[in-house]
Amino acid sequence: MGNKKNKQKKKDSKKNELLEKQIKNEKKQEGKEVKLLVLGTGESGKSTFVKQIQLIFKSGFDQKTKELYKETIRHNLVKDTKILVTGMGTLEIDFEPENMVLARELLRSEDKQCTEQTEELNNTIETLWQDSGLKECFDARSLLQIPDTHGYYLDNLERITQENYEPTDQDILYCRIPTTGVNSVDFEVEGNPWLVVDVGGQRSERRKWIHHFGDVTMIAYVVALSEYDQKLFEDEAINRMVESISLFESTANNEFFEGMNCIIMFNKIDLFEKKLTKTSLKKWFTEYQGEDNDIESAKQFLSNLFIEVGKNEKREIFPLYTCGTDTNNIKTIFESIQKILMEAHEKKYKNL
């Protein structure tokens, strides 16, 4: 009887020690900043995610930021339309005869007019956007370096070119400014400090990543699912999805992140679903065995390509499917990220 009591006493004592250890560890973690490092290739949607965080947890965009985006949006509107017009020749698509002169005039317009737009230039772009040939060219934009969001700005041309124009939150979310260096947002959630860090995804920027690998709580790697048929801006011989898989493999297996759980945000799911009905996934990934119009099968196939190169026995990989320009969707995604972190924390101390 005495032996049983002694054994139970020792068991209780050990349990208390472990409990005290857990409490000490949790106290150390209390108030410690959660650092979410957002990585991915250029144009994957990393910066859009960070802008959403700014909208959801901060006071939105200040006037200085709006002025910056106002100039950029107007500049991109003309620049990308010029690229689209040039692409007509590349893809051997004809303008409607009455618009040939306008197309040549647009290509001859000076770059300074990108921000100092004239009524004549605006009318030229508006007329060309109604051209059936230019619409056809835009539908084939994956063969050119044209952002998917360019159609949104062309549809809103009249509003954007008004003298008193001020970008809406949606305008800013859709606008791409390549990240150079680091963008970050610090905020609090239920009294806990967070830092979300976005570093440039272009090849020239990736050498800087290592400087931000310290004290990372978790990686959020962003993939643009809709880019399965597109080429890199930096090297048109390389498929964007293949590049993203390769980059994720090297990043996830970096010694800094050994054993660290990882979130993969499979982004632009809305564009992916639309594109899949028109552009065969099998053409670009011959090993895909599903039907072209089977969205779930295609999602799972591409997701597995990433999970396979990043998994190991020390970590879990959590796939999340996102529409980066949908604020409500990102709110839900952030709640999922919080839950993943909480469950990982509980799991870590469960068997102490």
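Residues numbered from 1 in each chain as written. Predicted model: local features only at pLDDT ≥ 70, side-chain atom pairs only at ≥ 80, totals over all residues. Heavy atoms only, no water.

As annotated in an unreviewed UniProt entry, the protein is Guanine nucleotide-binding protein g(O) subunit alpha from Anaeramoeba flamelloides.

What about the packing of aromatic side chains?
This is how the line gets drawn: The criterion for an aromatic pair is that two Phe, Tyr or Trp rings (for Trp, the six-membered ring) have centres within 6.5 Å, with stacked assigned to planes under 30 degrees apart, edge-to-face to planes over 60 apart and tilted to the rest. Secondary structure elements follow DSSP: runs of H or I of four or more residues count as helices, runs of E of two or more count as strands, with numbering from the N terminus. Type-normalised accessible area, obtained with a 1.4 Å probe on protein chains alone, sets the label of each residue: buried when under 20%, exposed when over 50%, and partly exposed for intermediate values. Whether a charge sits over a ring depends on NZ of Lys or CZ of Arg being within 6 Å of the ring centre and within 35 degrees of the ring normal.
Throughout the structure, instances matching the rule amount to 16 aromatic pairs. Measuring from centroid to centroid gives 6.4 Å for Y221 and F306, while their planes differ by 45°, and the two rings are tilted. With Y221 in strand β4 (residues 218-224) and F306 in helix α12 (residues 295-310), this pair connects stretches of sequence that are 85 residues apart. Residues Y221 and F306 agree in their burial class; the two are buried. Within the aromatic cluster, the residues linked to one another by ring pairs are Y221, F248, F266, F306 and Y321. Looking at K275, its charged tip hangs above the ring of Y228, at a distance of 5.9 Å from the centre.

Here we look at the sheet that holds strand β2 (residues 182-189)
Defined as follows: Between any two strands, at least two bridges found by DSSP are needed for them to pair. As a rule, the C-alpha atoms of each element are fitted with a line to give its axis, helices using only the stretch in contact, and angles between N-to-C directions run from 0 to 180 degrees. In what follows, residue pairs with any heavy atoms lying within 4.5 Å of each other are defined as contacts.
Taking strand neighbours across the sheet as the criterion, the 6 strands line up as β2-β3-β1-β4-β5-β6 in an open arrangement whose pairing is mixed. Looking at which strands have only one partner, the edges of the open sheet turn out to be β2 and β6 (317-321). Along the sheet, successive strands turn relative to each other by an average axial angle of 20°, direction set aside. Two elements, strand β1 (residues 34-40) and β4, share 5 bridges in a ladder whose sense is parallel. Bridge assignment links L36 to a residue of β4, and that residue is M218. Sheet strands in contact with helix α10 (residues 240-252) are β1, β4, β5 (262-267) and β6, and its direction is about 170° off that of β4.

Points about the side chain of S109
Note the threshold: Whenever a nitrogen or oxygen atom comes within 3.5 Å of another N or O atom, the pair is scored as a polar contact, on the condition that within protein one atom can donate a hydrogen and the other can accept it, and that pairs from neighbouring residues in sequence are kept only if both atoms are in side chains.
Among the secondary structure elements, S109 is positioned in the loop between α4 (100-108) and α5 (119-129). In terms of polar contacts, S109 uses its side chain to reach the backbone carbonyl oxygen of L106, at 2.6 Å.

Thoughts on the packing of α4 against α5
Applicable threshold: Just so you know how the angles are binned, under 35 degrees is roughly parallel, over 145 roughly antiparallel, 65 to 115 roughly perpendicular, and the rest oblique. Each crossing gets its handedness from the near helix: less than a right angle anticlockwise from the far helix is left-handed, clockwise is right-handed.
The interhelical angle for the contact between α4 and α5, taken along N-to-C directions, is 130°, at an axis separation of 10 Å. Overall, the two elements α4 and α5 adopt an arrangement that is oblique. Considering the relative orientation of α4 and α5, their crossing is left-handed. Along the contact surface, α4 presents L102, A103, E105 and L106, while α5 presents L121, T124, I125, T127 and L128.

Examining α5
Since there are 3.6 residues in each turn of an α-helix, residues three or four apart along the chain are aligned in direction. Defined as follows: Arc definition: directions from the helix axis to the C-beta atoms.
The complete set of buried residues in α5 reads L121, N122, T124, I125, L128 and W129. Viewed end-on, α5 has its buried residues packed into an arc of 160°, placing them on one side of the element. Exposed and facing more than 90 degrees away from the buried side of α5 are E119 and E120. Tucked into the core, α5 has its buried residues touching α3 (63-90), α4, α6 (132-139), α7 (150-155) and α8 (157-160).

Notes on the packing of α10 against α12
The N-to-C vectors of α10 and α12 enclose an angle of 25°; their axes lie 8 Å apart at closest approach. Between α10 and α12, the angle is such that the two are roughly parallel. Both α10 and α12 take part in a crossing whose hand is right-handed. Of the residues in α12, those touching α10 at M241, S244, I245, F248, E249 and A252 are L302, L305, F306, V309 and G310.

Focus: the pattern of salt bridges
Rules: For this document, the term salt bridge refers to a Lys or Arg side-chain nitrogen within 4 Å of an Asp or Glu carboxyl oxygen.
Following the criterion strictly, the structure yields 11 salt bridges and no others. Across the pair E43 and R176 runs a salt bridge whose closest N-O atoms are separated by 4.0 Å. You can see E43 sitting in the loop between β1 and α2 (46-57) and its partner R176 sitting in the loop between α9 (169-174) and β2, a full 133 residues away along the chain. We classify R176 as partly exposed; its relative accessible area is 29%. Between R240 and E227 there is a salt bridge; the shortest N-O distance is 2.9 Å. Residue R240 is found in helix α10, and its partner E227 is found in the loop between β4 and α10; the two are separated by 13 residues along the sequence. Each member of the pair, R240 together with E227, is buried. Each of the salt bridges in this network shares a partner with another, and the network as a whole consists of E43, R176, E227 and R240.

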